[in-house]
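Given next are the chains, with one letter for each unit.
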Amino acid sequence: MNLRPHLPTIPFIDVAAQRRRLGPSIDAAMARVLNHCQFILGPEVRTFEAELAAFCGARHAVTCASGTDALVLVLRAIGIGPGDAVICPSFTFCATAEVVALVGATPVFVDVDAATFNIDVKGISGAIATAKGLGLTPKAIIPVDLFGLAADHDGVAAAAKAENLFILDDAAQGFGAAYKGRKLGTYGQATATSFFPAKPLGCFGDGGAVLTDDPAMADMLRSLRMHGHGADKYDNIRIGLASRLDTMQAAILSEKLKIFPDEIEARNRIARRYAESLGDVVTVPTVPAGSISVWAQYTIRLPAGHREAFVAALKADGIPTAVYYPIPLHRQQAYRHYPVGQGGVAVSEQLAAEVISLPMHAYLDEGTQDRVVGAVRRALKDA
Ligand SMILES: Cc1ncc(COP(=O)(O)O)c(C=O)c1O
């Protein structure tokens, strides 16, 4: 018989706790925009872009309407289209491959590494061969910094070099993380990120940005996000999009960026505590030496077949969980006709059956975390 007191369900990501911490500073930032009424590309957008670039060490930040658009804008900027292949992992959020299909190119799926969940660089040459065998031209690769952990960017760069592939880093989940002494935003030729509210640096709606050191790329992105403008907005020199970050969101993000370093530290403190309290009973995440994760998700692995009961047991204890991702992209209805690189995607298949993410955010206090740990340990003992 369960004699534990019935405790309220905790949040999976506590956006409201951060809102409380920011308090009047956010209200004041929003009020400034409401007063000057420059809702599209107002001064706060330029200010935030400068702050964002300075934060990660990239020369240019160009904001846009979402992380998905950030990826699309880069693929458009470099002219990827029909007949081109873009290599990406299968174990990721759909947007990584969706953008490739949206510009008319072909995603070629590569497996991920079992320890880091990030692209397995050993599969890249096989994916290039698969693409060529299909008569496609391999043009780019999109490594993903999944769950907030940087991909093996040195390995990706080495594998991309042989074919001169353009590297577009999908840091939608990883912005703020570091790899070998540098923050993400400076690996590859361009980095895309998302400000979706649940992301480590999220806004109060949709938003995204591209980071790049290349001034010509930054100019092209600024044109593309505003209908392909030339000298002015009624000079249309290319086909573009309407994809701007709202001024209101930029004002909010500037306030959030101020506390972001502190939040990254908190997330790492919480992740260390999870590892110490659960490492003896489940496979906890691996962080390679030289990496600092931003912990967009805290994802553990359970033996296959145990997940359903585990989720139910935690739910009964008021602990929400999430499965990122239950179906790898190469098996999704919208993507299963796209090729898988030689070498296959066995690890992606296995992870999709085993992973489960626990509550993780910068405001998870020790008492609440102990509730999660206690529930996980009980669920595993009862399994
Ligand atoms: C890996 C990855 N890429 C791209 C995106 C797309 O970002 P957005 O939702 O802002 O369009 C997301 C987030 O949802 C993501 O997790």
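One structure accompanies this document, and this report is about it. (Residues numbered from 1 in each chain as written. Predicted model: local features only at pLDDT ≥ 70, side-chain atom pairs only at ≥ 80, totals over all residues. Heavy atoms only, no water.)

1. Points about the site of the ligand
Okay, step 1: Taken together, the neighbourhood of the ligand is formed by 15 residues, with Thr 68, Asp 170, Gln 173, Ser 194 and Lys 199 sitting nearest.
Okay, step 2: Between the ligand and the protein, one listed contact pairs an oxygen atom with a side-chain N or O atom of Lys 199 at 3.0 Å.
Okay, step 3: Taken by itself the ligand offers 390 Å² of open surface, and the protein chains cover 93% of this.
Okay, step 4: Every element with two or more residues in the shell around the ligand is listed here: helix 4 (67–77) and helix 5 (95–102).
Okay, step 5: The element contributing the most residues to the shell around the ligand is helix 4, with 3 residues.
Okay, step 6: Split by residue class, the shell around the ligand holds 5 nonpolar, 8 polar and 2 charged. (Near = heavy atom within 4 Å. Polar contact = N/O pair within 3.5 Å; in protein donor to acceptor, adjacent residues only side chain to side chain. Areas by Shrake-Rupley, 256 points an atom, 1.4 Å probe, with all protein chains shown as cover. Helix = DSSP H or I, 4+ residues; strand = E, 2+ residues; numbered from the N terminus. Nonpolar A, V, L, I, M, F, W, Y, C, P; charged D, E, K, R; others polar.)

2. Re unusual backbone geometry
Okay, step 1: Following Tyr 324, the chain continues into Tyr 325 via a peptide bond in cis, with omega recorded as 5°.
Okay, step 2: Position of Tyr 325 relative to the elements: it lies in the loop between helix 10 (307–316) and helix 11 (346–354).
Okay, step 3: One non-glycine residue with positive phi stands out, namely Leu 41, at about 50°.
Okay, step 4: Considering the arrangement of structural elements, one finds Leu 41 in the loop between helix 2 (24–36) and helix 3 (43–56).
Okay, step 5: The class of Leu 41 is partly exposed, set by a relative accessible area of 22%.
Okay, step 6: Unlike most non-glycine residues, Phe 117 shows phi in positive territory, near 65°.
Okay, step 7: In this structure, Phe 117 sits in the loop between strand 3 (106–110) and helix 6 (124–133).
Okay, step 8: The buried category is assigned to Phe 117, whose relative accessible area is 7%. (Buried < 20%, exposed > 50% of the residue type's maximum accessible area, 1.4 Å probe, protein only.)

3. So, the nonpolar core
Okay, step 1: Ranked by internal contacts, the top residues of the largest apolar core, which has 33 residues, are Val 74, Ile 142, Leu 168 and Leu 221.
Okay, step 2: With residues up to four places along the chain from it excluded, the contact list for Ile 142 reads Leu 71, Val 86, Ile 87, Cys 88, Pro 89, Thr 96, Val 99, Val 100, Leu 168 and Asp 170.
Okay, step 3: Formed by 27 residues, the second largest nonpolar core is a distinct cluster that contains Phe 48, Ala 53, Ala 177 and Tyr 179. (Core = buried A, V, L, I, M, F, W, Y, C linked by side-chain atoms within 4.5 Å. Contact = heavy atoms within 4.5 Å.)

4. Some points on the environment of His 153
Okay, step 1: Note on placement: His 153 falls in helix 7 (residues 153–161).
Okay, step 2: Note: C-alpha distance between His 153 and Phe 55 (98 residues apart in sequence) is 19 Å.
Okay, step 3: The contact partners of His 153, leaving out residues within four places of it in the chain, are Pro 143, Asp 145, Asp 169, Tyr 179, Leu 184 and Tyr 187.

5. Notes on the packing of helix 10 against helix 12 (residues 366–382)
Okay, step 1: Between helix 10 and helix 12, the shortest axis-to-axis distance is 9 Å and the interhelical angle comes to 135°. When the interaxial angle is binned, helix 10 and helix 12 end up oblique. Judged by the twist between their axes, the crossing of helix 10 over helix 12 is right-handed. Contacts between helix 10 and helix 12 involve Phe 310, Ala 313 and Leu 314 from the first element and Ala 375, Val 376, Ala 379 and Leu 380 from the second.
Okay, step 2: Broken down by class, the residue content of the contact of helix 10 with helix 12 amounts to 7 nonpolar, no polar and no charged. (Axes fitted to C-alpha atoms, helices over the stretch in contact; angles between N-to-C directions. Parallel < 35°, antiparallel > 145°, perpendicular 65-115°, else oblique. Left-handed = near helix turned anticlockwise from the far one by under 90°.)

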